[in-house]
Amino acid sequence: MVVLVGASGSGKSTWARERFRAAEIVSSDELRGIAGSGPNDLDASDDAFALLEQIVDARLGRRLTTVVDTLGLDPVRRARWLQVARAAGLPAVAVVLATSPVMCKRRNSDRDRPVPAPVLAGQLKRAAQVAAELAGEGWDEVIEVVSAAQPQQPPAAPAAETNRDGFEIILQISRFPWGDDPARWLTEIALAADQAGFAGIALMDHLIQIPQVGRAWEPIPEPWVTLGLLAGLDTGLRLGTLVSPITFRPPGITAKAIGTLSALTGGRAFLGIGAGWWEREHQAFGLPFPAPAERLDALAAAIETIRALTAKGTKAFNGKRVTLPETTCYPRGDVEIIVGGGGERRTLRIAAELADGCNVPSDLATVDRKIEVLRRHCAEVGRDPAEVAVTVLDLPVIGSDRDDTWARVEKLRGRTPAATFAARHHAGTVTEHRARYAELAARGVRTVFLSLPDLADADDVSRLAALTQPF
């Protein structure tokens, strides 16, 4: 919740419009125009403020960003809004428009119906007293805007967050609305990703479309066949899966597939691999679905097998978990193995011991915790944490501006409350996502696997070109 504080003519409404969607701003002037004859109909003030309080309560109750655009000079009203925000669990910010009295009077005189001079003088006197009151009211932050004449520019990113050496964004495709021409759709998506500056493409590996993405009868192609198509395109994209369950294929067959893909792409292949989680698809395709502990044992054994079969030479292999009479697997090439899943006791330990990287959710608090756990496991198995790349799976809603972003949220959210869905998917503009990715990079995240929940065609990929540029 943002409460604007300032006299008439201080620029509150202009400041708000430059930073928030119109639907997020609750303006007493606008409500006078609804309840009365126009925004200057002071006779409608009581009705307008009754509507304002009702709207503020409703929006905060749904945890929606709410900007209260009134004078903000009444401490009783401010206390009530602050109490409602606290009840909703939302941060509350007061923004003081500290515009000079001369500027306020000049703007007021230019209005069609200016505020009477004595009234404005009283507002200016009252505004000068508010700063001291706000300091003791319990706001999460009080921001003073010295001049609202020009929009303020966001601060430049700190130098430590501008280093993107080794940082990459890979497009993960999880939904396939390809119509009647699957090969053409896939080709256009891949070429658009290459042109937009994405480092690679990852395909989700499932037998039935998962409910988090779409409906069961929507297409979800076999990834290795599909990656073979993409490997034939003239791009520099890295290609692989995120994530292939070890329960789908014997690890030796996966080694053959990824080795072949590496050879076809000149070493641009990677393998995201995990223990599997969705029992339904296993049952539907007649595949065993062991208990979690067995699947994790199989994950470790699979990585050991794939390592042996894609390493140089042909020889017998005797590992900690696997014994092979020979390792004859040609063609082959360098393969990066990324363990998907954030299980802190076993999954991240397997990644620390055997993999080139791990893949975890993208929210910053989770990343911080997983990195700490990964480092602890690395220390226990005697491995340098720098050898295990941290990657994240990000499912962002990305709009061209705030209105476009919110329109996408409304289209995608289904029955989920809008604010909850927006927070879960980090809904924002390209600029806001770039800032978030800079924070991930500063924490040591090397790769963001970006999966658009509203991917429809190549234009949805092309519009993200600004996101992939160096910070």
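Description of the structure in this document. As the structure is a prediction and not an experimental result, all values here were calculated from the model. (Residues numbered from 1 in each chain as written. Predicted model: local features only at pLDDT ≥ 70, side-chain atom pairs only at ≥ 80, totals over all residues. Heavy atoms only, no water.)

**Examining empty space enclosed by the protein**
Line of reasoning, step 1. Counted under the stated rule, the structure contains one cavity of 30 Å³ or more.
Line of reasoning, step 2. Its volume calculated, the largest cavity comes out at about 40 Å³.
Line of reasoning, step 3. Considering the residues around the largest cavity, the lining is formed by Ser 244, Pro 245, Ile 246, Arg 249, Pro 251, Thr 254, Leu 271, Ile 273 and Ala 302.
Line of reasoning, step 4. Within the residue set of the lining of the largest cavity, elements represented by two or more residues are strand 8 (238-245), helix 9 (251-265) and strand 9 (269-274). (1 Å grid on protein atoms, 1.4 Å probe; cavity = no way out; pocket = protein on both sides within 12 Å on 5 of 7 lines; lining within 4 Å. Points joined across faces, edges and corners; volume = space filled by probe spheres on them. Helix = DSSP H or I, 4+ residues; strand = E, 2+ residues; numbered from the N terminus.)

**Considerations on the packing of helix 9 against helix 11 (residues 292-310)**
Line of reasoning, step 1. Interaxial distance between helix 9 and helix 11 falls to 9 Å at its minimum, and their mutual angle equals 45°. As summarised for this structure, helix 9 and helix 11 are arranged oblique, according to the angle between their axes. Classified by chirality, the crossing of helix 11 by helix 9 is right-handed. Where helix 9 approaches helix 11, its residues Pro 251, Gly 252, Thr 254, Ala 255 and Ile 258 are matched on the opposing element by Ala 302, Thr 305, Ile 306, Leu 309 and Thr 310.
Line of reasoning, step 2. The residue makeup of the contact of helix 9 with helix 11, split by class, is six nonpolar, four polar and no charged. (Axes fitted to C-alpha atoms, helices over the stretch in contact; angles between N-to-C directions. Parallel < 35°, antiparallel > 145°, perpendicular 65-115°, else oblique. Left-handed = near helix turned anticlockwise from the far one by under 90°. Contact = heavy atoms within 4.5 Å. Nonpolar A, V, L, I, M, F, W, Y, C, P; charged D, E, K, R; others polar.)

**As for the sheet that holds strand 12 (residues 336-340)**
Line of reasoning, step 1. Overall, parallel pairing links the eight strands, which are arranged 6-7-8-9-12-13-14-17 in a closed barrel. Strand after strand, the sheet turns through a mean of 25° between neighbouring axes, direction not considered.
Line of reasoning, step 2. As judged from the five bridges shared by strand 13 (residues 357-361) and strand 14 (residues 389-394), these two strands associate in the parallel manner. In the strand pairing of strand 14, Gly 357 is matched with Ala 389.
Line of reasoning, step 3. Sitting on the sheet, helix 9 touches strand 8 and strand 9, and the angle it makes with strand 9 is about 155°. (Pairing = 2+ DSSP bridges.)

**Quick word on the packing of aromatic side chains**
Line of reasoning, step 1. For the structure on display, the rule yields five aromatic pairs.
Line of reasoning, step 2. With a centroid separation of 6.2 Å and an interplanar angle of 45°, the aromatic rings of Trp 15 and Phe 20 are classed as tilted. Per residue, the accessibility class of Trp 15 equals that of Phe 20, and both read buried.
Line of reasoning, step 3. Considering the side-chain rings of Trp 277 and Trp 278, the 5.8 Å spacing of their centres and the 20° angle between planes classify their relative orientation as stacked.
Line of reasoning, step 4. Judged by its relative accessible area of 43%, Trp 277 is partly exposed.
Line of reasoning, step 5. Site record: aromatic cluster; members linked through ring pairs are Phe 176, Trp 178 and Trp 185.
Line of reasoning, step 6. Taking NZ or CZ as reference, Arg 332 lies 4.3 Å from the ring centre of Tyr 330, over its face. (Phe/Tyr/Trp six-rings, centres within 6.5 Å; stacked < 30°, edge-to-face > 60°. Buried < 20%, exposed > 50% of the residue type's maximum accessible area, 1.4 Å probe, protein only. Lys NZ or Arg CZ within 6 Å of the ring centre and 35° of its normal.)

**Points about a nonpolar patch on the surface**
Line of reasoning, step 1. A cluster of nonpolar side chains, contributed by Ile 34, Leu 51 and Ile 55, occupies part of the molecular surface with about 250 Å² of accessible area.
Line of reasoning, step 2. The exposed category is assigned to Ile 34, whose relative accessible area is 64%. (Patch = residues over 30% accessible without salt bridge, like charges linked within 9 Å, V, L, I, M, F, W, Y side chains within 5 Å. Areas by Shrake-Rupley, 256 points an atom, 1.4 Å probe, with all protein chains shown as cover. Salt bridge = Lys/Arg side-chain N within 4 Å of Asp/Glu carboxyl O.)

**Re the environment of Lys 411**
Line of reasoning, step 1. By the element assignment, Lys 411 lies in helix 14 (residues 402-412).
Line of reasoning, step 2. Separated by 267 residues in the primary sequence, Lys 411 and Glu 144 place their C-alpha atoms 36 Å from one another.

**Some words on helix 6 (residues 117-135)**
Line of reasoning, step 1. Between its terminal C-alpha atoms helix 6 stretches 29 Å, which fits the 27 Å expected from 19 residues at 1.5 Å a residue.
Line of reasoning, step 2. Where helix 6 is concerned, the buried positions are Leu 120, Gln 123, Leu 124, Arg 126, Val 130 and Leu 134.
Line of reasoning, step 3. For helix 6, the secondary structure elements touched by its buried residues are strand 1 (2-5), helix 4 (75-88), strand 4 (93-97), helix 5 (101-109) and strand 5 (141-145). (Expected span 1.5 Å × (residues − 1).)

**Some remarks on the sheet that holds strand 1**
Line of reasoning, step 1. Taken in spatial order, the five strands of this open sheet run 2-3-1-4-5, and their pairing is parallel. A single partner strand is all that each edge strand has here, and the edge strands are strand 2 (25-27) and strand 5. If you compare each strand with its neighbour and ignore which way they point, the axes differ by 20° on average.
Line of reasoning, step 2. Across three bridges, the pairing between strand 2 and strand 3 (residues 67-69) is parallel. In the sheet register, Val 26 faces strand 3, and the bridge partner there is Val 68.
Line of reasoning, step 3. In this fold helix 3 (residues 45-61) packs onto strand 2 and strand 3, with an angle of close to 165° to the strand it touches most, strand 2.

**Let's talk about the environment of Trp 406**
Line of reasoning, step 1. Looking at the secondary structure, you find Trp 406 in helix 14.
Line of reasoning, step 2. For Trp 406, a relative accessible area of 18% translates into the label buried.
Line of reasoning, step 3. Distance in space between the C-alpha atoms of Trp 406 and Ala 355 is 39 Å, their sequence separation being 51 residues.
Line of reasoning, step 4. Setting aside its immediate chain neighbours within four residues, Trp 406 contacts Arg 21, Leu 64, Ala 418, Ala 419 and Ala 422.

**Remarks on the layout of surface pockets**
Line of reasoning, step 1. Of the voids in this model, the second largest pocket is the one considered here, and its volume is about 1500 Å³.
Line of reasoning, step 2. Along its surface, the second largest pocket is lined by 49 residues, and Ile 210, Gln 212, Val 213, Leu 393 and Leu 395 are the ones closest to its centre.
Line of reasoning, step 3. Those elements that place two or more of their residues in the lining of the second largest pocket are strand 8, helix 11, strand 13, strand 14, helix 14 and helix 15 (418-424).
Line of reasoning, step 4. Its residues assigned to classes, the lining of the second largest pocket comprises 21 nonpolar, 18 polar and ten charged.

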